[in-house]
Structures are given as structure tokens and as C-alpha cells.
Amino acid sequence: MAKKQRKPQRQAETTTTTDAKSGLNSLKDMLNADALGALKQLEKDMKTEGERKAKEAAEQKRREQEERERNKSFAELLNDYEKKGGGKYS
């Protein structure tokens, strides 16, 4: 009789052990999901930051080119005009 009583107790212990393990697994899964979500958000933020920096760099380059065009000397403008073949008697 003692053996029969021990079997159900062990089964109950194993079920509580498996329940505890599954609880830990679900907690682990939840933490992994949270960490994965945080990493995805970080990746998205980094991507948008990179795009913003690229746009700023392109805008800065455009402004510098425009400033160079504005500050050209008469001789440089004349040379550019002749290179294009826009002379009146070419």
C-alpha cells in the first residue's frame, strides 16, 4: 500500500515541477519578446537617425555648392560660360 501512495505524490510533484518549469519558460519567453521588441525599436530608431543624417548631409552639400556658385569671380564665370560653348561668336 505504501508504494501506491508514493506514486500519486511523485506524480503531483512532477506536475508541480513541470508547471514551475513551464512558468519559467513563459516568463523567459516574455522577457525574450520584450527584449526583441526593444531591439527592433532601437533598430528602427537607428535607421531613422541614419536617414536624417544623410538628408542633412545632402542639404549641407547643396548649400555649399550654391554658396560656391554665388561667390564665383567674374573670370570663373567667364570660363564656365566659354566651356559650355555659349559664346556669341563661337
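Residues numbered from 1 in each chain as written. Predicted model: local features only at pLDDT ≥ 70, side-chain atom pairs only at ≥ 80, totals over all residues. Heavy atoms only, no water.

By the naming in an unreviewed UniProt entry, the protein goes by DUF3886 domain-containing protein and is assigned to Brevibacillus fortis.

A.B. asks: Which residues make up the overall build of the protein, and what are the values?
C.D. replies: Within the protein, the regular secondary structure consists of 2 helices and 0 strands. For the protein, buried positions account for 0% of its 90 residues. Counting every atom, the protein has about 8700 Å² of accessible surface; 57% of that belongs to carbon and sulfur. (Helix = DSSP H or I, 4+ residues; strand = E, 2+ residues; numbered from the N terminus. Buried < 20%, exposed > 50% of the residue type's maximum accessible area, 1.4 Å probe, protein only. Areas by Shrake-Rupley, 256 points an atom, 1.4 Å probe, with all protein chains shown as cover.)

A.B. asks: Summarise the pattern of salt bridges; cite the residues concerned and give the values.
C.D. replies: Going through the model one piece at a time under the given rule, you end up with 9 salt bridges. When the shortest N-O distance is used, the salt bridge between R52 and E49 registers 2.3 Å. Here R52 and its partner E49 are both found in helix α1 (residues 2–70), 3 residues apart, which amounts to about one turn of the helix. Judged by relative accessible area, which is 38%, R52 ranks as partly exposed. You can call E49 partly exposed: its relative accessible area is 32%. Note that R70 and E66 form a salt bridge whose closest N and O atoms lie 2.9 Å from each other. Taken together, the residues span about one helical turn, with R70 and E66 both in helix α1 at a distance of 4 residues. (Salt bridge = Lys/Arg side-chain N within 4 Å of Asp/Glu carboxyl O.)

A.B. asks: Before we move on, could you go through the environment of E76 and cite the residues and values that matter?
C.D. replies: As for its placement among the helices and strands, E76 is situated in helix α2 (residues 74–83). A distance of 2.9 Å separates the side chain of E76 from the backbone nitrogen of S73, its partner in a polar contact. (Polar contact = N/O pair within 3.5 Å; in protein donor to acceptor, adjacent residues only side chain to side chain.)

A.B. asks: Account for a nonpolar patch on the surface, with residues named and values stated.
C.D. replies: A cluster of nonpolar residues, L27, M30 and L31, forms a patch on the protein surface that exposes about 300 Å² of accessible area. Assignment of secondary structure puts L27 in helix α1. Judged by its relative accessible area of 42%, L27 is partly exposed. (Patch = residues over 30% accessible without salt bridge, like charges linked within 9 Å, V, L, I, M, F, W, Y side chains within 5 Å.)

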